[in-house]
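Below, each chain spelled out in residue letters.
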Amino acid sequence: MGSEPQDFEQLTEQFFRRGWCRFAHDPGIESWVRQALPDARASLTSPEQRQWHRCGGTWFAGVNALANRADGGVNGSGPLSGSVVDFINQKLALPDFEWDQAQVSVCYPGYPKPMEGESGGAFRYRRERDAAHVDGLLPEGSARRRHLREHHGFILGLPMVSFGEQAAPFVVFEGSHEQVRSALSSRFDGLAPECWGEQDITEVYHRVRRDIFESCARTEIFARPGEAYLVHRLTLHGIAPWGQSATAGDDGRMICYFRPDIGDPEAWLHLP
């Protein structure tokens, strides 16, 4: 199968307005998926990754579980390439970055089940609000106070196997990236960027999240192997529950996510 035409101007408008865009089939991405799939499957049974089996066995979170190189290549493949990579390089104006080790996220029928130690409120939020979050704003301590600790440049989703549209789809709240940017810009106003991580941003984060639920369209993203979707780093996003009519093979709903850290809080907040 050849690549489908990619209109970068239209994709650029969609990405910066909605906070995400989807890329049609690309032979470079298809080749990467084919090369990476054996390693992605192997990560699920690796003793080093056992801590990522969660939600009663219905989710393998697999953070940084793929053993890819800094150029994105894995298992003898060349560097990660394709239209979506060209788009990132041409349109996002990010500082130089290396590809992180990809997350291997796998959901199975019944997702989500309660996780050991998870409060009733946290489980309801996972089930009813897709566990929606902004990457890098991490909960810390027993009170789970939020701090900016990571500065991902984007989220790149690469489906690894075929599955149905209701198989725990990735969810975004369209346009939420600009609400998050505005709220955090106000919170950090007058503070040196190197101090932002020490600020407790729990209240402002919860407030902007509530506003987003009321004002932004909730959208479920579906893509097939060889396709890709790119999500703005500030977009509120999560995973929907496994649907009643969802279909998937033995691999479940398997998606690899790249989230390279650009290491610059000011760029993270203020770049387009």
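Residues numbered from 1 in each chain as written. Predicted model: local features only at pLDDT ≥ 70, side-chain atom pairs only at ≥ 80, totals over all residues. Heavy atoms only, no water.

Student: Help me out: how do you make sense of the overall build of the protein chain in this one?
Tutor: Counting its secondary structure elements, the protein chain contains 7 helices and 12 strands. Taken against the 2.2 N^0.38 rule, which gives 19 Å for 272 residues, the C-alpha radius of gyration of the protein chain at 18 Å falls within 12% of a compact globule. The C-alpha extent of the protein chain, read off along each of the three principal axes, is 50 × 40 × 35 Å. By residue count, 53% of the 272 residues in the protein chain fall in the buried class. (Helix = DSSP H or I, 4+ residues; strand = E, 2+ residues; numbered from the N terminus. Rg over C-alpha atoms; globule rule 2.2 N^0.38 Å. Buried < 20%, exposed > 50% of the residue type's maximum accessible area, 1.4 Å probe, protein only.)

Student: Hey, could you run me through the nonpolar core in this one?
Tutor: For soluble globular proteins, the rule of thumb is that nonpolar side chains tend to be buried together. Trp32, Val104, Leu156, Met160 and Leu230 are the most contacted members of the largest nonpolar core, which has 85 residues in total. Among the elements that line this core, the one with the most residues is helix α2 (residues 27–43), at 6 residues. Apart from the residues within four sequence positions on either side, Val104 is in contact with Ala40, Ser43, Leu44, Phe60, Ala61, Gly62, Ala65, Leu66, Met254, Ile255 and Cys256. (Core = buried A, V, L, I, M, F, W, Y, C linked by side-chain atoms within 4.5 Å. Contact = heavy atoms within 4.5 Å.)

Student: Looking at this model, I keep getting lost on the sheet that holds strand β1 (residues 20–23). Mind explaining?
Tutor: Strands pair in a sheet through their backbones, by hydrogen bonds, and they do so in one of two ways: parallel or antiparallel. The strand order across the open sheet formed by 7 strands is β1-β10-β7-β12-β4-β3-β2, and the pairing between neighbours is antiparallel. Every interior strand has two partners, whereas the edge strands, β1 and β2 (53–54), have only one. As defined by bridge partners, β1 adjoins strand β10 (residues 228–232) across 4 bridges and the pair is classed as antiparallel. Within the sheet, the bridge partner assigned to Phe23 lies in β10 and is Ala228. (Pairing = 2+ DSSP bridges.)

Student: Mind showing me how you'd approach α2 here?
Tutor: What sets the pattern is the α-helix's 3.6 residues per turn: residues three or four places apart point alike. For α2, with 17 residues, the first-to-last C-alpha span of 24 Å sits near the 24 Å given by 1.5 Å per residue. Taken together, the buried positions of α2 are Ile29, Trp32, Val33, Ala36, Leu37, Ala40 and Ser43. Where α2 is buried, its residues touch β3 (59–60), α3 (83–91), β4 (103–107), β7 (154–159) and β12 (253–258). If you check the start of α2, you find a side-chain oxygen 2.7 Å away from the backbone N of Gly28, and it comes from Asp26. (Expected span 1.5 Å × (residues − 1). Polar contact = N/O pair within 3.5 Å; in protein donor to acceptor, adjacent residues only side chain to side chain.)

Student: Hey, could you run me through the environment of Gly164 in this one?
Tutor: Within the secondary structure, Gly164 sits in the loop between β7 and β8 (170–173). Through-space distance from the C-alpha of Gly164 to that of Ala248 is 6.1 Å; in sequence the pair is 84 residues apart. Once residues within four sequence positions are removed from consideration, Gly164 is found in contact with Phe222 and Thr247.

Student: Explain the packing of helix α1 (residues 8–18) against α3 to me, please; I cannot follow it from the model alone.
Tutor: Close contact between α1 and α3 brings their axes to 12 Å; oriented N to C, the two are set at 70°. Relative to α3, the element α1 is oriented roughly perpendicular. In this structure, α1 meets α3 at a crossing whose hand is right-handed. Taking contact as the criterion, the partners of Phe8, Glu9, Leu11, Thr12, Phe15 and Phe16 in α1 are, on α3, Ser83, Asp86, Phe87, Gln90 and Lys91. Tallied by class, residues from the contact of α1 with α3 come to 5 nonpolar, 3 polar and 3 charged. (Axes fitted to C-alpha atoms, helices over the stretch in contact; angles between N-to-C directions. Parallel < 35°, antiparallel > 145°, perpendicular 65-115°, else oblique. Left-handed = near helix turned anticlockwise from the far one by under 90°. Nonpolar A, V, L, I, M, F, W, Y, C, P; charged D, E, K, R; others polar.)

Take it as geometry only, folks, not as evidence of what the structure does.
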